[in-house]
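Here are the chains, one letter per residue:
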Amino acid sequence: MKSLIKTFALATTVAAAPLMVATAASAEGEKYILVSHAPDSDSWWNSIKNGIALAGEQMGVEVEYRNPPTGDLADMARIIEQAAASGPNGIITTLADPDILEGPIKAAVDSGVDVIIMNTGTADKAREVGALMYVGQPEYDAGYAAGLRAKGDGVGSFLCVNHYIVQPSSQERCQGFADGLGIELGTQMIDAGQDPAEIKNRVLAYLSSNPETDAVLTLGPTSADPTLLALEENGLAGDIYFGTFDLGGEIVKGIKSGVIEWGIDQQPFLQAYMPVVIMTNYHRYGVLPGNNMNSGPGFVTAEGLEKVEEFAGEYR
């Protein structure tokens, strides 16, 4: 147990670097670069950084995390091109928008760089761009499962607070939820933006204009945290059905207090950790899993929160 805690502490320290997470390179000079679409402001990606750091340490390879500081996908496309040009053994990347990112990813594969798609994208898209596999959560399926769960709890209408509406997978979450409920999505999904104050105000405005709304669905800490503040302000905290994707410190507190019914855990730590392990073993020994890997969805409720609460925002 002490060694495990020491390992976690080391990974957390390494992940604190603003744009790069690295370990000592192996004797063979193996290097893997993870490119995400996340802006610097999104703390949810700390688990990703911790996952790649720990995998790099355990496998004895060099790993690096790169991202567009503002979340601009055109900037991300350039980062993928630069990463491929640097000649790594492999690239692990999100596929947040195929129209923008498929070209650079295919070019990386064509240049001889192995690629694994993680977090956003699908198994089919990974195959189309020539990636080895996909590691992540099927977003529509996760939304659909959440919708079925909410329907069973009596929900008939909802607000989906979409803080990253330009990303197709975020819309898949909202659409899946609506389909699980058996209703039209329509105007129940709002473009919340990423500014916390603006998110809070838009949630307050929607609920004021639509007082019969049964539930609120947020897509991660970026939208969940301001929504919590909005519900506290309008007196609906604990009274309106509230579900969210992903976990974070405030989300865990909300689940524990009963304000949030559940959080969907896609296990981002595994989305970064497993690709490094898989690629390293593939390059060293020629072994590769025959299937893609679904890291979620899993529903986190007030029961069994102890381990999640301990590592929320770091490894969960």
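- Identification of the chain as Monosaccharide ABC transporter substrate-binding protein, CUT2 family from Epibacterium ulvae is taken from an unreviewed UniProt entry.
- Quoted verbatim from the Sequence similarities (unreviewed entry) heading of the UniProt record, the comment on the chain is "Belongs to the bacterial solute-binding protein 2 family."
- The chain has a UniProt comment under Subcellular location (unreviewed entry) that states "Periplasm".

1. Things to note about the packing of aromatic side chains
For any pair of aromatic rings, the description rests on two quantities: the centre-to-centre distance and the angle between the ring planes.
Piece 1. Evaluated as defined, the whole model comprises eight aromatic pairs.
Piece 2. Note on Tyr140 and Tyr144: the rings are 6.2 Å apart at their centroids and 20° apart in plane angle, and the pair reads as stacked. Remark: Tyr144 and Tyr140 occur in helix H6 (residues 139-152); sequence separation between them is four residues, near one turn of the helix.
Piece 3. The exposure class assigned to Tyr140 is partly exposed, which follows from its relative accessible area of 32%.
Piece 4. Judged by relative accessible area, Tyr144 falls into the partly exposed class, the value being 34%.
Piece 5. Aromatic pair Tyr241 and Trp262: ring centres 6.3 Å apart, planes at 70°, arrangement edge-to-face. You can see Tyr241 sitting in strand E9 (residues 241-245) and its partner Trp262 sitting in strand E10 (residues 262-265), a full 21 residues away along the chain. As far as burial versus exposure is concerned, Tyr241 and Trp262 are alike and both buried.
Piece 6. Each member of the aromatic cluster is reached from another via a ring pair, and the members are Phe269, Tyr273, Phe311 and Tyr315.

2. Things to note about the sheet that holds strand E8 (residues 215-218)
Piece 1. The mixed open sheet is built from six strands, whose spatial order is E7-E6-E8-E9-E10-E12. Since the sheet does not close on itself, it has two edges, and those belong to strand E7 (189-191) and strand E12 (298-300), each with one partner. Looking at each pair of strands side by side, their axes are set apart by 20° on average, direction ignored.
Piece 2. With four bridges joining them, strand E6 (residues 158-162) and E8 adopt parallel strand pairing.

3. With respect to the nonpolar core
Piece 1. Residues Leu34, Ile48 and Val276 are the most contacted members of the largest nonpolar core, which totals 27 residues.
Piece 2. For this core, the elements supplying multiple residues, two or more each, are strand E1 (31-35), helix H2 (46-59), strand E2 (62-66), strand E4 (114-119) and helix H11 (268-285).
Piece 3. Of all the elements, H11 adds the most residues to this core, at seven residues.
Piece 4. Beyond its immediate stretch of four places on either side in the chain, Val276 contacts Ile52, Ala55, Gly56, Val61, Val63 and Ile92.
Piece 5. Core analysis: the second largest hydrophobic core is formed by 26 residues, Ile190, Tyr206, Val259 and Ala312 among them.

About the thresholds
Here the residue numbers are simple positions, counted from 1 along each chain's written sequence. Local features are withheld for residues below a pLDDT of 70 in this predicted model, meaning they are given only at 70 or higher, and side-chain atom pairs are given and counted only at 80 or more; totals for whole chains, interfaces and linings count all residues. Side-chain metrics rest on all non-hydrogen atoms present in the structure, leaving aside hydrogens and water. UniProt positions are given in the numbering used here, feature names are shortened, and annotations may be inferred rather than shown by experiment. Centre distance within 6.5 Å is the pairing criterion for rings of Phe, Tyr and Trp, where only the six-membered ring of Trp is used; planes under 30 degrees apart are then read as stacked, over 60 as edge-to-face, and the remainder as tilted. The numbering of helices and of strands both runs from the N terminus, where a helix is a DSSP run of H or I of at least 4 residues and a strand a run of E of at least 2. Categorising residues by exposure relies on relative accessible area from a 1.4 Å probe, with only protein chains included: less than 20% of the type maximum marks a residue as buried, more than 50% marks it as exposed, and the intermediate range marks it as partly exposed. Strand pairing is assigned whenever DSSP detects at least two bridges linking the two strands. Whenever a helix is involved, its axis is fitted only over the stretch in contact; in every case the axis is a line through C-alpha atoms, and angles between N-to-C directions fall within 0 to 180 degrees. Joining through side-chain atoms within 4.5 Å is the link that ties buried Ala, Val, Leu, Ile, Met, Phe, Trp, Tyr and Cys residues into a set, and such a set is a nonpolar core. A contact between two residues is defined here by any heavy atoms of the two lying within 4.5 Å.

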